[in-house]
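Observations on the three-dimensional arrangement
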Amino acid sequence: MDTSPSVSTDKLMEDLRLVVEDAEDLLQVTSHQAGEKAAAVRARIQESLNAAKGHMADAEKNLIERTRYAAKATDTYVHENPWKAIGISAGVGACVGMVIGILIGRR
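Here is what the cut-offs are and how they apply
- Residues numbered from 1 in each chain as written.
- Predicted model: local features only at pLDDT ≥ 70, side-chain atom pairs only at ≥ 80, totals over all residues.
- Heavy atoms only, no water.
- Helix = DSSP H or I, 4+ residues; strand = E, 2+ residues; numbered from the N terminus.
- Rg over C-alpha atoms; globule rule 2.2 N^0.38 Å.
- Buried < 20%, exposed > 50% of the residue type's maximum accessible area, 1.4 Å probe, protein only.
- Areas by Shrake-Rupley, 256 points an atom, 1.4 Å probe, with all protein chains shown as cover.
- Lys, Arg positive; Asp, Glu negative; His and termini not counted.
- Charge placed at Lys NZ, Arg CZ, Asp CG, Glu CD.
- Axes fitted to C-alpha atoms, helices over the stretch in contact; angles between N-to-C directions.
- Parallel < 35°, antiparallel > 145°, perpendicular 65-115°, else oblique.
- Contact = heavy atoms within 4.5 Å.
- Nonpolar A, V, L, I, M, F, W, Y, C, P; charged D, E, K, R; others polar.
- Patch = residues over 30% accessible without salt bridge, like charges linked within 9 Å, V, L, I, M, F, W, Y side chains within 5 Å.
- Salt bridge = Lys/Arg side-chain N within 4 Å of Asp/Glu carboxyl O.
- pLDDT = per-residue confidence, 0-100.

A closer look at the overall build of the protein chain
- Helix and strand counts for the protein chain stand at three helices and zero strands.
- In the protein chain, the succession of helices and strands from N to C terminus is α-α-α.
- For the protein chain, the C-alpha radius of gyration of 24 Å lies well beyond 13 Å, the compact-globule estimate for 107 residues.
- Here the C-alpha coordinates of the protein chain stretch approximately 70 × 45 × 15 Å along the principal axes.
- Among the 107 residues that make up the protein chain, the fraction classed as buried is 7%.
- Carbon and sulfur atoms provide 63% of the accessible area of the protein chain, an area that totals close to 8900 Å².
- The protein chain carries 13 positive and 15 negative side-chain charges, and their two centres are separated by 5 Å.

Written out as C-alpha cells, the structure reads:
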C-alpha cells in the first residue's frame, strides 16, 4: 500500500469534496423548509461550505506549487550530480530488490 503524502493528500481532498457536495445536496433538499431558524442554519452552512471550498482550493494550489518546486529541485540535482543520482538510484533499487526477495522467501 502506497502511503506517500501525495496519495493521502489526494484522498483527503477527494473526501472533502464529497462532504461538500453532500452538504450542498442537503441544503438543496431542505430548502423548502420554512422558518427563520432553518434559514439561519442554511445560511451558516452555506458560509462554512464556501469557506471550505476556498481552503481546499488554496491547499490544492499550495500542493501543486510544492510539487513543482520539488520536481525542479530534483531535476537540478540530477543534472548537476548525474553520477550521484545514478548511484543513489542503484542503491535504492538494490535495497528494494533485497526486501522483495526476503518477502518472497518467507512464503
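Concerning the packing of helix α2 (residues 36-80) against helix α3 (residues 82-106)
- Where α2 meets α3, the closest approach of the two axes is 5 Å, and the angle between their N-to-C directions is 110°. In this view, α2 runs roughly perpendicular relative to α3, as classed from their interaxial angle. Mapping the contact onto sequence places Y77, V78, H79 and E80 in α2 and P82, K84, A85 and I88 in α3.
- Per-class residue counts for the contact of α2 with α3 are five nonpolar, one polar and two charged.

Side note on a nonpolar patch on the surface
- There is a patch of nonpolar side chains on the surface, built from Y77, V78, I88, V92, V96, I100 and I104 and spanning about 610 Å² of accessible area.
- The element best represented in the nonpolar patch is α3, accounting for five residues.
- Structurally, V78 can be placed in helix α2.

Side note on the confidence of the model for the protein chain
- Per-chain confidence: the protein chain averages 81 in pLDDT, with 93% of residues scoring 70 or above.
- Between the elements of the protein chain, mean pLDDT differs from a low of 74, seen in helix α1 (residues 5-29), to a high of 89, seen in α3.

Some points on the environment of I86
- Along the chain, the position of I86 falls in helix α3.
- Considered as a pair, I86 and M13 are 73 residues apart in the sequence and their alpha carbons are 35 Å apart.

What to know about the environment of I100
- By the secondary structure assignment, I100 is in helix α3.
- Owing to a relative accessible area of 45%, I100 belongs among the partly exposed residues under this scheme.
- Note: C-alpha distance between I100 and V29 (71 residues apart in sequence) is 52 Å.

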